[in-house]
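Residues per chain are reported as follows:
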Amino acid sequence: MSAVGTIRRLWPDPDTEPADTAALARLYGRADRPRVRMNFVTSVDGAVEVDGYSAGLSGPADKQVFGVLRMLCDALMVGAGTLRQEGYGAIRLDPDRRAWRRDHGLAETPTVVMVSAALALDPDAAMFTEAPVRPVVITHRRAVAPPGLDRVADVLRHGTDRVDLAAGLADLRRRGLTEVLCEGGPHLFGSLTAADLVDEVCLTVTPMLAGAGAGRITAGPPAPPRGLPLRHVLVADDGTLLLRYARPPADAGTPAR
């Protein structure tokens, strides 16, 4: 796989050689147990967006790691609000990343998992109709599905009047989807944190001051603080930092009780 050319490991074990895609795949890796990994980009002053979109914060290094994390996962989880806000379509990986997945015994494309309490989803949207793998929707038992949703997605109902994320993740694991990458948004991140379901956070810090107005990468009710040790620091030539924080392996993949 081709060299990224701008990303180097700063800590631990500094490396002056640029990391290519294969090296990034080794650095981020797949877990040997169930894991929920969050991936977010933020400005130096903590903004989650510029002009309403996270794309305004994302540069070449962030995009490269973004693609590698998608290559590594079994399931790509995203909240329905973020799907609409960011304009998600069908998820497709490039040929090299599909080949990597085949070589490592994975399906060519990760399964997209949408989390929605209101089920305000359009079954005719490209994220459903053009998806190379049938998507999954996690919701609760009182949510009213739009006509035709069952035709284009597997709808999993967990919780009576709010989504039970721990039960939803357990259902995904029974389907063999143990490596879950969550791309947000902030309310889903906050809910996963409150339920103590976040095992890892991959955070890109873009060298930019976005100013006041934008929200944080997490939102929702307060949750108890939890330690999350730093695992590595990568740096791009433009000053972008790529940080990886993760629970100790013994604590990962264990839903809150």
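Residues numbered from 1 in each chain as written. Predicted model: local features only at pLDDT ≥ 70, side-chain atom pairs only at ≥ 80, totals over all residues. Heavy atoms only, no water.

### Quick look at the sheet that holds strand 3 (residues 75-79)
Taken in spatial order, the 10 strands make up an open sheet running 1-9-10-8-2-7-3-4-5-6, and their pairing is mixed. Both edges of this open sheet fall to strand 1 (7-11) and strand 6 (154-157), since each of them pairs with a single strand only. Between one strand axis and the next, the sheet turns through 25 degrees on average, direction left out of account. Here strand 8 (residues 200-206) pairs with strand 10 (residues 241-246) via 6 bridges, running antiparallel. Bridge assignment links Cys 202 to a residue of strand 10, and that residue is Arg 244. The sheet contacts of helix 2 (residues 60-72) involve strand 1, strand 2 (35-43), strand 3, strand 7 (179-182), strand 8, strand 9 (230-236) and strand 10, and relative to strand 2 the element is tilted by about 170 degrees. (Pairing = 2+ DSSP bridges. Helix = DSSP H or I, 4+ residues; strand = E, 2+ residues; numbered from the N terminus. Axes fitted to C-alpha atoms, helices over the stretch in contact; angles between N-to-C directions. Contact = heavy atoms within 4.5 Å.)

### A word on helix 2
Taking 1.5 Å per residue as the helical rise, helix 2 with its 13 residues ought to reach 18 Å, and the 19 Å between its terminal C-alpha atoms agrees with that figure. Burial of helix 2 is extensive: 10 of the 13 residues sit out of reach of the surface. By the burial criterion, the buried members of helix 2 are Ala 61, Asp 62, Gln 64, Val 65, Gly 67, Val 68, Leu 69, Arg 70, Met 71 and Leu 72. (Expected span 1.5 Å × (residues − 1). Buried < 20%, exposed > 50% of the residue type's maximum accessible area, 1.4 Å probe, protein only.)

### Digging into the nonpolar core
Core analysis: the largest hydrophobic core is formed by 39 residues, its most contacted members being Leu 24, Tyr 28, Phe 128 and Val 137. Listed by contribution, the elements that provide at least two residues to this core are helix 1 (21-28), helix 2, strand 3, helix 3 (80-86), strand 4 (111-115), helix 5 (126-129), helix 6 (149-152) and strand 9. When residues in this core are grouped by element, the largest group, 6 residues, is from helix 2. Among all residues touching Val 137, those that are not within four sequence positions of it are Met 114, Leu 119, Leu 121, Phe 128, Ala 153, Asp 154, Val 155 and Leu 156. Within the second largest apolar cluster, 29 residues are counted, among which are Val 36, Val 48, Val 115 and Val 205. (Core = buried A, V, L, I, M, F, W, Y, C linked by side-chain atoms within 4.5 Å.)

### Section: the packing of helix 2 against helix 4 (residues 95-103)
Following both chains from N to C, one finds helix 2 and helix 4 inclined at 35 degrees, their axes separated by 9 Å at the closest point. Helix 2 and helix 4 meet at a crossing whose hand is right-handed. The segment helix 2 lies against helix 4, with Gln 64, Gly 67, Val 68, Arg 70, Met 71 and Leu 72 engaging Arg 97, Trp 100 and Arg 101. Across the contact of helix 2 with helix 4, the residue classes break down as 4 nonpolar, 2 polar and 3 charged. (Left-handed = near helix turned anticlockwise from the far one by under 90°. Nonpolar A, V, L, I, M, F, W, Y, C, P; charged D, E, K, R; others polar.)

### Re the UniProt feature "domain: Bacterial bifunctional deaminase-reductase C-terminal" (unreviewed entry) in the protein chain
When the UniProt feature table is mapped onto this chain numbering, "domain: Bacterial bifunctional deaminase-reductase C-terminal" (unreviewed entry) sits at residues 34-225. Spanning residues 34-225, this segment combines 29% helix with 20% strand, and its end C-alpha atoms are found 22 Å apart. (UniProt positions renumbered as here; feature names shortened; annotations may be inferred.)

### So, the pattern of salt bridges
Taken as a whole and assessed by the stated rule, the structure comprises 20 salt bridges. Here Asp 237 ties to Arg 8 by a salt bridge, and the two come within 2.8 Å at their closest N and O atoms. Taken together, the residues span a long stretch of sequence, with Asp 237 in the loop between strand 9 and strand 10 and Arg 8 in strand 1 at a distance of 229 residues. For Arg 142, the salt bridge identified is with Asp 161, shortest N-O distance 3.8 Å. (Salt bridge = Lys/Arg side-chain N within 4 Å of Asp/Glu carboxyl O.)

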